[in-house]
Structure formats: C-alpha cells, structure tokens
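Commentary on secondary and tertiary structure
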Amino acid sequence: MTTKEVIIKNRAGIHARPAALLVQIANSFDSEIFLEKENNRINGKSIMGIITLGASYNTKLTVIAEGSDEQEAVDAIVRLFENRFEED
Amino acid sequence: MERFTVLDLLDLDLKEHDALNLKCIGGRPGLANTITIPEINRPGLALSGFFENFAHHRIQVFGRGEMAYIEKLDRENKLDTIHRMFSFKIPAIIFTYNLTPPQSFVEIVESSDCAILRTDIPSSEFSLRLIRELGTVFAPRKTIHGVLVEVFGIGILIMGSSGVGKSESALELIERGHRLIADDSIELHCVSGNILMGEGSNAVAAHHMEIRGLGIINVKQLFGVGAIRDSKQVQLIVNLEEWDNNKVYDRLGSGDNTTEILGVQVPTVLIPVKPGRNIPVIIETAAMNERLKKMGYYSAKEFNQNILRWLESENARNVYFHKKDVF
C-alpha cells in the first residue's frame, strides 16, 4: 500500500471538472485507489464519490493506492494535485 | 464525528413527526456548547439539592414538575440550589410545554454559559424524540461505495467493483418504478444496535447518478419525485461480480449468507454478471423473495419440504400398492 498526503491548491476545490480528470487518471491504473478526508474514505475511481467528498481549497487529503502499480498511481494523482488540475 | 453543538441540535433538519420545535430563549453563547453523549436527564433531584451522580454533561429537560418547583424556589427566594446546580457545566436546558422560566432563574443560567431552549411538545414525547434523534446523531457511521435503492419496499444495497454495472442496474430499476436513495457513496449508520440506515453522504450530490457515456444525471428531475427517497433501512445486500466460470454460485438459495456492517447482519446475495443476464429483474426477484422470507415463506426451504413429502408418499405408495396389483 502506498499513501501520500496532498493539499488542494486550486481555489475552486474539487468540483466536477477536476473530479472527472482525477477519475480518468485513476481508472488508467489497475490498483485500487482511495482518497481519504478526515477518516472519510471514498473510491478514487468514482466521480460521484470524489465530488461528495466536498474537498475545498486547502483541504488535506490522503491518496491511497493498493495493487501492482500503486506507486505510479499515487505519483500520477499527486502530480495532478500539484498542477492544480491545470486551473488558476 | 465532528463536534456536535447545541446549535447543531437546533439546526437538525427534521420533519413532521420527528420535529423537535426547539427555540433558543436565552443563554445564546451556550449554543456553542458541545453535546457529548446521546442521553438526557430530568433534573428533579439536582433541583432539590442532591448532587451525587448528577449527570450534568447531559441535556437537562425541565417539564411542568420541575417548573413548578423552580417557581416555588423563586417565590420563597431560595435560589442557592439553582446557583449550585449551574456551577456544573451543563450544555443546555430545555423547557417543554412552552414553559417560560422566571427571570431570576434565567439570569443564573445565563451567567453559567448554558443555553436555554424551549419547545411546545409535552415532556415524554419530547424526551422520546430527542433520544431518538441524538441516537441517530451519535450512531456509528461508515461510508461505503455502492448504490442504495428501494425495490418493492426493501432497501437494497448494490455493491461490486467499479464498472460492473451497479449504476446501470439501478437506473433500470428506477425506470421500472423503484426508488433511488443514493448512488456511489452511501453513508450507513446503525440505529438502536440492529437497524442499518443508509442515505447519501452528501445532500448536494444525492439523487444524482453517473452513467458511463451520459455523464451525471439528476434522477429527481428526470424521473420525478416519486423515484427518490432520502433514507432507507438496508435490508438486503446484492453483490454484483463478473461471472467466474471456476466459481460455484448458489443454485438452491437455501443458504443464509449475511454480511456484517457496523455490527448488523444483513442478508446478502451474490449475483454473477454476464452479458444477457437481466440483472434488474434478478434484483427485483431477490427483493420479492426477501419480502416472502420476512413473511415467513422461504421459497427454497418450502420447495425442499415439498420434495421430501412427495418422495415419502411415493415410497409409501410403493410399499402398499405394487405395480403387479391390478384392480
């Protein structure tokens, strides 16, 4: 299992477009991917799950991946957060 | 769970028979007090000056009896015990029957940062509702991935890995006149130890579904208000999984498989998915079968009983009537 903490840096938080982007990337990996916010864990491959997480600006999230390509998956998702979902 | 304050209690979105009708009539700073346990206390003993085991961290409910006693103390100007009572840290006090406490009492309460609330509901009924609602607020919770639908009155939680067709099956069920509670992330909580209630984990996204190829759809707007529900008891879990030729699936349905969630055992069926299998119809049938079971009729067991009875009668016939006996 690989985990990494990220902080949301785009002003609008995770709304529909970033969520779609996230799911798209998550689904390209075989590993199971989860996002965790204050003990609230959701499936990283489900768009509604990610939106309902209610992750706003400066929220701390934990990216968790488990499976054959977990390291690549976490790296790719963290990169997405660092690039602010190509926003702002 | 985050802190649950007195203000959160006033903010609870309750309808009709659950409504608490609370209003704050004093001690506003006390609205920020945290309620730590889902219990209430009638402060009769404390009012009369007995403070051993005084459950001061609970919400205190004042009814007509307590009120009459406060008024008596107020008339006789014996407010010492009330001073003593509010030297304890009390989160909030609630007056039932729309009672209004005397000004001297309110001043003492306000000096201790305790919120004063009032409701028009009679004490016993109010206590019942408050305990029930606090029980829900403090219930153990868990968020899981799946779709919660109501089929023929049975709350069914459809689970399975992503892409197996949960949302599509739910959509077909809605189309057939069943109801959606929530898609994708379901918040479950356990009520009174044996009831598992489920609802959407987020009110904004509730009643929306994501269908591959269509994107996000609003079920309430598309199918009408009859196609949705806010919360429902989870009575059956349907696990969808890709058909595995090497796996043995239940052929009789006589086994009672259950899944434990938050300490509640929920009946569970495993349905293999394969092109050409009409999953919504199978889920509908599972729901009806579950209803029959609740009424005491077990399809598989009854069937077996009938087979046994038939075999027995056939044997008996063979003993008494031989084929060579010709009448």
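Preceding this paragraph is the structure being described.
As a starting point, this report considers the structure included with it. In this text the structure is predicted, and so the values were computed from the model without any measurement.

1. Examining the overall build of chain A
In terms of helices and strands, chain A carries 3 helices and 4 strands. Shown N-terminal to C-terminal, the secondary structure of chain A runs as helices and strands in the order β-α-β-β-α-β-α. Scaling as 2.2 N^0.38, a compact globule of 88 residues should have a C-alpha radius of gyration of about 12 Å, and chain A matches this with 11 Å. By principal-axis analysis of the C-alpha atoms, chain A measures approximately 35 × 25 × 20 Å. Sequence separation of at least 24 residues holds for 71% of the intrachain contacts in chain A that already meet a minimum separation of 6. Total accessible area computed for chain A in this model is approximately 4,300 Å², and 44% of it derives from carbon and sulfur atoms. Across chain A, the 10 positively charged side chains and the 14 negatively charged ones have centroids separated by 8 Å.

2. Let's talk about the pattern of salt bridges
Residues and elements named next belong to chain B. Across all of its chains, the model carries 16 salt bridges over all chains by this definition. The salt bridge partner of R132 is D18, with a shortest N-O separation of 3.0 Å. Of this pair, R132 sits in helix α6 (residues 123-137) while D18 is found in the loop between α1 (6-11) and β1 (23-26), placing the two residues 114 residues apart along the sequence. Looking at R132, the relative accessible area reads 40%, which means it is partly exposed. Close ionic contact of R229 with E150 constitutes a salt bridge, the shortest N to O distance being 2.6 Å. You can see R229 sitting in the loop between α8 (219-223) and β12 (231-233) and its partner E150 sitting in strand β6 (residues 141-151), a full 79 residues away along the chain. Residue R229 is classed as partly exposed on the basis of its relative accessible area of 32%. The class of E150 is buried, set by a relative accessible area of 6%. By sharing partners, the salt bridges in this structure join E150, R179, R229 and K232 into a single network.

3. Quick word on empty space enclosed by the protein
Here the structure, examined in full by the defined rule, presents 1 cavity of 30 Å³ or more. Computed from the structure, the largest cavity encloses a volume of approximately 60 Å³. Lining the largest cavity are M48 and T52 of chain A together with A182, D183, D184, S185, G200, S201, N202, A205, A206 and H207 of chain B. The element best represented in the lining of the largest cavity is strand β8 (residues 179-191) of chain B, accounting for 4 residues.

4. Some points on the packing of aromatic side chains
One pass over the full model with this rule turns up 10 aromatic pairs over all chains. Their ring planes at 70° and their centres at 5.1 Å tell us that F81 of chain A and F85 of chain A sit as a pair that is edge-to-face. Judged by its relative accessible area of 3%, F81 of chain A is buried. On the numbers, 5.8 Å between centres and 75° between planes, the contact of F51 of chain B with F54 of chain B is edge-to-face. Just as F51 of chain B is buried, F54 of chain B falls in that class too. Within the aromatic cluster, the residues linked to one another by ring pairs are F62, F86, F95 and F105 of chain B.

5. Observations regarding the interface of chain A and chain B
The interface of chain A with chain B comprises 13 residues on the first partner and 15 residues on the second. Our enumeration of links across chain A and chain B arrives at 0 salt bridges. Taken together, the links from chain A to chain B amount to 5 residue pairs in polar contact (both at pLDDT 80 or more). Contributions of two or more residues to the side of chain A that touches chain B are made by β3 (40-43) and α2 (47-52) of chain A. If you tally residues by element for the side of chain A that touches chain B, the top one is α2 of chain A, at 5 residues. Looking at the side of chain A that touches chain B residue by residue, the class counts come to 4 nonpolar, 6 polar and 3 charged.

6. Notes on the pairing of strand β10 (residues 208-211) of chain B
Residues and elements named next belong to chain B. Where β10 meets strand β11 (residues 215-218), 4 bridges bridge the pair, whose relative direction is antiparallel. Following the sheet pairing, M209 is matched in β11 by I217. In textbook terms, the turn of a hairpin is the stretch between consecutive antiparallel strands, and for β10 and β11 this stretch comprises 3 residues, one of which, G213, has a positive phi near 100°.

7. Some points on the environment of E241 of chain B
For E241 of chain B, the location among the structural elements is in strand β13 (residues 236-242). If we ignore the near neighbours within four places in the chain, the residues touching E241 of chain B are V164, K247, Y249, L270, I271, P272 and V273 of chain B.

8. Digging into the pairing of β13 of chain B
Residues and elements named next belong to chain B. Bridging between strand β7 (residues 154-159) and β13 involves 4 bridges; their strand directions are parallel. Paired with I158 across the strands is V238, a residue of β13. Where β13 and strand β15 (residues 264-273) come together, 6 bridges link them in parallel fashion. Note on β15: the bridge partner recorded for V238 is V269.

9. Here's the deal with the nonpolar core
Judged by nonpolar contacts, the single largest core of 29 residues is most densely connected at I14, L22, I50, L61 and F81 of chain A. The dominant element in this core, judged by the number of residues it contributes, is helix α3 (residues 70-82) of chain A, at 7 residues. Excluding residues within four positions of it along the chain, I50 of chain A makes contact with I14, A19, L22, V23, L35, I42, N43 and G44 of chain A. Core analysis: the next-biggest nonpolar cluster, separate from the first, contains 27 residues, V151, I174, M209 and A227 of chain B among them.

Each value, and the rule that gives it
- Residues numbered from 1 in each chain as written.
- Chains lettered and ligands numbered in written order.
- Predicted model: local features only at pLDDT ≥ 70, side-chain atom pairs only at ≥ 80, totals over all residues.
- Heavy atoms only, no water.
- Helix = DSSP H or I, 4+ residues; strand = E, 2+ residues; numbered from the N terminus.
- Rg over C-alpha atoms; globule rule 2.2 N^0.38 Å.
- Contact = heavy atoms within 4.5 Å.
- Areas by Shrake-Rupley, 256 points an atom, 1.4 Å probe, with all protein chains shown as cover.
- Lys, Arg positive; Asp, Glu negative; His and termini not counted.
- Charge placed at Lys NZ, Arg CZ, Asp CG, Glu CD.
- Salt bridge = Lys/Arg side-chain N within 4 Å of Asp/Glu carboxyl O.
- Buried < 20%, exposed > 50% of the residue type's maximum accessible area, 1.4 Å probe, protein only.
- 1 Å grid on protein atoms, 1.4 Å probe; cavity = no way out; pocket = protein on both sides within 12 Å on 5 of 7 lines; lining within 4 Å.
- Points joined across faces, edges and corners; volume = space filled by probe spheres on them.
- Phe/Tyr/Trp six-rings, centres within 6.5 Å; stacked < 30°, edge-to-face > 60°.
- Polar contact = N/O pair within 3.5 Å; in protein donor to acceptor, adjacent residues only side chain to side chain.
- Nonpolar A, V, L, I, M, F, W, Y, C, P; charged D, E, K, R; others polar.
- Pairing = 2+ DSSP bridges.
- Core = buried A, V, L, I, M, F, W, Y, C linked by side-chain atoms within 4.5 Å.

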